[in-house]
Amino acid sequence: MNLNFTGIPILTTDRLLLRGLQEEDCHAIHQLHSDPIVNRFVGRTNFSTLENAKAYIHKIENLANQKECLYWAITSIKDQKFLGSVCLWNFDVEKEIVEIGYELLSEFQSQGYMSEALKTVIKFTFNTMNAKLITAFPSADNVGSVSLLKKIGFIFDDKLYNNKHENVKNITNYILKSS
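Quick notes on the rules
Residues numbered from 1 in each chain as written. Predicted model: local features only at pLDDT ≥ 70, side-chain atom pairs only at ≥ 80, totals over all residues. Heavy atoms only, no water. Helix = DSSP H or I, 4+ residues; strand = E, 2+ residues; numbered from the N terminus. Buried < 20%, exposed > 50% of the residue type's maximum accessible area, 1.4 Å probe, protein only. Contact = heavy atoms within 4.5 Å. Salt bridge = Lys/Arg side-chain N within 4 Å of Asp/Glu carboxyl O. Phe/Tyr/Trp six-rings, centres within 6.5 Å; stacked < 30°, edge-to-face > 60°. Core = buried A, V, L, I, M, F, W, Y, C linked by side-chain atoms within 4.5 Å.

1. Brief notes about the side chain of Glu116
Move 1: Take Glu116: it is sitting in helix α4 (residues 113-127).
Move 2: Relative accessible area serves as the criterion here: at 17%, Glu116 is assigned to the buried category.
Move 3: If near-sequence neighbours (up to four positions away) are discounted, Glu116 is found in contact with Thr13, Asp14, Arg15 and Leu16.

Below you can see the structure in the form of structure tokens.
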């Protein structure tokens, strides 16, 4: 699996710019981590503050520098508004497996943004990183997320993968294999 990248590669779609996090994203990260609709299914308690958001951005930067994750801010090309995030992490280089995670501010859900962002990141994961399998671990209760994964080709799999999630109720496993 290819982890030879410098920084966070910029990805684009018709409507979106996916870029690395920046210090000035702290207000948006705080909003994302404080959103009760988003938090409902990710096992995160709302203890977000601006200081926590800044610390989170630094943590992500460090993980990216150590080649342990890729984390994109999903922004609108039109006005650069922060919509959400998508990340690749939990790399299993030997087995060529990558986990994908994603969050979208509730005001931007059900508008096709996440589908658009995920398709672009998936293409990058298979074509540039040369991963063979992408895993996702949504809550089975998160009907929207499960539906999105199925829509873009993920299938349910009961095989055990390197799931590092805690506090996610009714966690399930979906996979997408490279073709």
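2. Digging into the pattern of salt bridges
Move 1: Considering all chains together, one arrives at three salt bridges under this definition.
Move 2: The closest approach of N and O atoms between Asp25 and Arg19, which form a salt bridge, is 2.8 Å.
Move 3: For Asp25, a relative accessible area of 4% puts it in the buried group.
Move 4: For Lys54, the salt bridge is made with Glu51, and the minimal N-O distance between the two is 3.8 Å. On the criterion of helical spacing, the pair formed by Lys54 and Glu51 is a turn pair, its members being three residues apart in helix α3 (residues 50-65).

3. Things to note about the environment of Thr172
Move 1: Note that Thr172 resides in the loop between β7 (155-156) and β8 (174-177).
Move 2: Note on Thr172: relative accessible area 13%, which makes it buried.
Move 3: Between the C-alpha atom of Thr172 and that of Val146, which follows or precedes it by 26 residues, the distance is 9.1 Å.
Move 4: When near neighbours in sequence (up to four residues on either side) are disregarded, Thr172 contacts Ala136, Phe137, Pro138, Ser139, Ala140 and Phe156.

4. Some details on the packing of aromatic side chains
We describe a pair of aromatic rings using the distance from one ring centre to the other and the angle between the two ring planes.
Move 1: Going through the model one piece at a time under the given rule, you end up with four aromatic pairs.
Move 2: With 6.3 Å between their ring centres and 80 degrees between their planes, Phe108 and Tyr113 make a pair best called edge-to-face. Taken as a pair, Phe108 and Tyr113 share a single burial class, namely buried.
Move 3: With a centroid separation of 5.8 Å and 75 degrees between ring planes, the pair formed by Phe156 and Tyr174 is classed as edge-to-face. With a gap of 18 residues between them, Phe156 in strand β7 and Tyr174 in strand β8 connect regions that are remote in the sequence.
Move 4: Accessibility expressed as a relative area gives 7% for Tyr174, which makes it buried.

5. Looking at unusual backbone geometry
Negative phi characterises most residues that are not glycine, and trans characterises most peptide bonds.
Move 1: The phi angle at Glu96 is positive, at roughly 60 degrees, despite the residue not being glycine.
Move 2: Notably, Ser110 is not glycine yet its phi reads approximately 65 degrees, a positive angle.
Move 3: Within the secondary structure, Ser110 is located in the loop between β5 (97-104) and α4.
Move 4: Using a relative accessible area of 79% as the deciding quantity, one classes Ser110 as exposed.

6. Looking at the nonpolar core
Move 1: Ranked by size, the top nonpolar core spans 51 residues in total, and within it Leu88, Ile100 and Phe154 carry the most contacts.
Move 2: With eight residues, the single largest contributor to this core is α4.
Move 3: Setting aside residues up to four positions removed in sequence, Phe154 forms contacts with Ile100, Ile122, Ile134, Thr135, Ala136, Leu149, Tyr174, Ile175 and Leu176.
Move 4: Core analysis: the next-biggest nonpolar cluster, separate from the first, contains five residues, Ile97, Leu133, Phe137 and Ile175 among them.

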